[in-house]
Amino acid sequence: MTNSVRQVLHRVFGYSGFLGQQEAVIEHTVAGGDSLVLMPTGGGKSLCYQIPAIVRDGVGIVVSPLIALMRDQVEGLRQTGVRAACLNSTLSYREVLDVEAAVAAGRLDLLYVAPERLLGERTLELLSRTRLALFAIDEAHCVSQWGHDFRPEYLQLSALSELFPDVPRIALTATADDPTRREIIDRLSLRDAPLFVSGFDRPNIRYQVVPKNNARAQLRRFLKGHHGHAGIVYCLSRRKVDETAAWLREEGVGALPYHAGLDGATRQRHQDRFVRTDGVVIVATIAFGMGIDKPDVRFVAHLDLPKSIEAYYQETGRAGRDGDPADAWMVYGLQEVVTLRSMVENSEAGEARKRLEVRKLDAMLGYCELATCRRRTLLAYFGETRSRDCGNCDNCLSPVAVWDATEASQKAMSCVHRTGQRFGAAYLTDVLRGRDTERVRRFGHDRLPTFGVGADLDAWQWRSVLRQLVARGLLSVEIEKYGSIRLTDASWPVLRGEAEVHMRKDGRPATAKRKRKPRAAPPPPDPATWDEALWEALRSRRTEIAQAQSVPPYVIFHDATLREMVERRPRTREGFSGLTGVGETKLRRYADDFLAVITAHQSGDNANPIETEPSRLIEDFG
Ligand code: ADP
Ligand code: ZN
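## What about the overall build of the chain?
When helices and strands are tallied, the chain shows 31 helices and 17 strands. Computed over the C-alpha atoms, the radius of gyration of the chain is 28 Å, within 12% of the 25 Å expected from 2.2 N^0.38 for a compact globule of 622 residues. Looking at the chain as a whole, 52% of its 622 residues are labelled buried. Contacts spanning at least 24 positions in sequence make up 73% of the contacts within the chain whose residues lie at least 6 apart. About 27,500 Å² of surface is accessible on the chain, with carbon and sulfur atoms providing 50% of the total. Side-chain charges in the chain split into 86 positive and 81 negative, and the spacing between the mean points of these groups amounts to 4 Å.

See the structure below:
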């Protein structure tokens, strides 16, 4: 059996080995067992049920919440020669009949079904007289009322264990937290099923959080390193989405807005453009993302803060599914803290829920203000402890100094107190720095003992201090009173000298600017064998083929496969079949097309680095 599983991996999908827990899950499912699989995004969940569905008798039923996702998965499978179809509300009656006939005749390996459709009378009747290989419940956290993506139609899935007791069920999700996990087990009757948990690390994602100075200028600089890349920019409000997308277009970035206020057709069009063409940037509220399976998203940028670390991890996790380097970048300032705090505090939720939200937000703010490895903190949040720093987050790459800000905090708090807890950050900074403005004089604050006690720090540093105090709840901001800063219960121990405050020393915007070095796309593993012109030629051939079939380019070949073509330059079908992601079907369909590009390029290109730099190669292997 092991053998046939490996054969399928190789022959159909063109992969040379399994990732993480894939093999264990597949073996277990092929043998007819139920399971719950927790794997990070990009961990390779799909193969966990696709291979068993191919190997086992009958059709594998995949329950998936989003129709867009289904369409692309089915298309991806068909490209590899797997017999797949879907049943959902976008099909015409004629198409439904065709799919049903294929199911009844045993002509399908995999059938993707929307949850509400699965338990309809018509589908149940069809399935009851069909041989079933398994049920895969994708995005299984949607069954949990605790989680943030609850879908009522998922609740009905609890009926599966009674209706089809002999068909194995495999539930899959990337959402990690414990209550959600328990609820999935309970609702899907997976009590005796093993839990397969993979590590949650996404090592190819580089985490960065930058203190806000001028968000647009900062975003512009960040995007310079992502020219021609697909990415997502998240904002909190629809208005900000629209404005940011329009501004980015003026800046020459192919950006499209996406939020719940746009009509369905426009949203669909923008999503399609993002998935099907190279290098589109989507500016979106959190409404965008789930069910987007695009593997080559190179960055996720947050202009506003997510409400929790779970949400942040899920949103940033949409970058770099293909394993290539990707950025998770966020700007963050006092205003963001204030907006989110007030949203949580003014929400309609009950007290318990509110307390939970406040805790989650505090964890998120704590993450922003870290001076240590961000990945370690993220993973620790999901229960994974690491003994080493990651080397691929901003704090690892340019270590942040920590300073004793106890005295500065006392000065700030005392200034808040003496000015009557009625002023915002800018004014407090003026008083602290002893600026002789008309407003300061009008209020008589130039006569306060705190006037000018903070002249040793500049405005940027005071902004950083005030932000960090608010983020930690050592000061609070009242949004209804024009952002006036107030003391909290936690301020007093600091004021009385009973508690110390240590803070991160934020890099200055100007130095941040020099540090950012644009990275090339995609990162060539070895500059000696890399050939940008060939890469571009292969990409445009891929686009032509994809467009002729109206499918996303990545279902033809992933970037990783094209990159191997550049590095290995296969000349024969046999050489081509050795590339990652080339199974039998794709070999038959596409080998000639791409081999032709490689051959034409070799013969027409005398600036080939391999041919002009033999000494370099000999050195490498010598
Ligand atoms: P998930 O659903 O867990 O986010 P996917 O199933 O979409 O992940 O897989 C993520 C990426 O990894 C896809 O591009 C897929 O083709 C690739 N992949 C999955 N399994 C393997 C494997 N065994 N070898 C190489 N690549 C794989
Ligand atoms: Zn790190």
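## Side note on the site of ligand 1
Neighbouring ligand 1 are 15 residues; Y15, G17, G42, S46 and H558 lie closest to it. Between an oxygen atom of ligand 1 and a main-chain N or O atom of G42, the distance comes to 2.6 Å. A distance of 2.9 Å is found between an oxygen atom of ligand 1 and a side-chain nitrogen or oxygen belonging to K45. Starting from 560 Å² of accessible surface for ligand 1 in isolation, the protein chains cover 83%. Residue contributions to the shell around ligand 1 peak at three residues, all from helix 3 (residues 45–55).

## Observations regarding the coordination of the zinc ion (ligand 2)
For the zinc ion (ligand 2), the protein coordination sphere consists of C373 (SG), C390 (SG), C393 (SG) and C396 (SG), at 2.3 to 2.4 Å. The coordination sphere of the zinc ion (ligand 2) comprises four donor atoms, whose angles at the metal cover 102 to 119 degrees; the geometry is tetrahedral. In primary-sequence terms, the residues that donate to the zinc ion (ligand 2) follow C-x16-C-x2-C-x2-C. Overall, the relative accessible area of 0% leaves C393 in the buried class.

## Some details on the side chain of S198
Assignment of secondary structure puts S198 in the loop between strand 7 (195–197) and strand 8 (205–211). We classify S198 as buried; its relative accessible area is 13%. Residues contacting S198, with those up to four places away along its chain left out, are Q21, L38, M39 and P40.

## A few points about the sheet that holds strand 4 (residues 110–113)
Strand order in the open sheet formed by seven strands is 3-4-2-5-6-1-7, and the pairing between neighbours is parallel. Looking along the sheet, the strands with just one partner apiece sit at the ends: strand 3 (84–87) and strand 7. Ignoring which end each strand starts from, the neighbouring axes of this sheet average 20 degrees apart. As defined by bridge partners, strand 2 (residues 59–63) adjoins strand 5 (residues 132–137) across five bridges and the pair is classed as parallel.

## What about the packing of aromatic side chains?
Pairs of aromatic rings are described using the distance from one ring centre to the other and the angle between the two planes. Tallied over the full model, the rule gives 13 aromatic pairs. Note on Y207 and Y312: the rings are 6.3 Å apart at their centroids and 45 degrees apart in plane angle, and the pair reads as tilted. Note that Y207 is positioned in strand 8 and Y312 in helix 14 (residues 309–316), a separation of 105 residues in sequence. No difference in accessibility class separates Y207 from Y312, as the two residues are buried. Between Y312 and Y367, the ring centres sit 4.9 Å apart and the planes meet at 50 degrees, which makes this aromatic pair tilted. Linking Y312 in helix 14 with Y367 in helix 16 (residues 351–368), this pair joins segments that are 55 residues apart in sequence. Both residues of the pair, Y312 and Y367, belong to the buried class. Three or more aromatic residues link up through ring pairs in this structure, and these residues are Y207, Y312, Y313 and Y367. Across from the ring centre of F274, 5.6 Å away, lies the NZ or CZ of K294, which sits over that ring. Sitting over the face of the ring of Y367, R374 holds its NZ or CZ atom 5.4 Å from the ring centroid.

What counts, and at which threshold
- Residues numbered from 1 in each chain as written.
- Chains lettered and ligands numbered in written order.
- Predicted model: local features only at pLDDT ≥ 70, side-chain atom pairs only at ≥ 80, totals over all residues.
- Heavy atoms only, no water.
- Helix = DSSP H or I, 4+ residues; strand = E, 2+ residues; numbered from the N terminus.
- Rg over C-alpha atoms; globule rule 2.2 N^0.38 Å.
- Buried < 20%, exposed > 50% of the residue type's maximum accessible area, 1.4 Å probe, protein only.
- Contact = heavy atoms within 4.5 Å.
- Areas by Shrake-Rupley, 256 points an atom, 1.4 Å probe, with all protein chains shown as cover.
- Lys, Arg positive; Asp, Glu negative; His and termini not counted.
- Charge placed at Lys NZ, Arg CZ, Asp CG, Glu CD.
- Near = heavy atom within 4 Å.
- Polar contact = N/O pair within 3.5 Å; in protein donor to acceptor, adjacent residues only side chain to side chain.
- Donors = N, O, S within 2.8 Å, 3.2 Å for Na, K, Ca; no water.
- Tetrahedral: all angles 85-135°; square planar, octahedral: opposite > 155°, others 65-115°.
- Pairing = 2+ DSSP bridges.
- Axes fitted to C-alpha atoms, helices over the stretch in contact; angles between N-to-C directions.
- Phe/Tyr/Trp six-rings, centres within 6.5 Å; stacked < 30°, edge-to-face > 60°.
- Lys NZ or Arg CZ within 6 Å of the ring centre and 35° of its normal.

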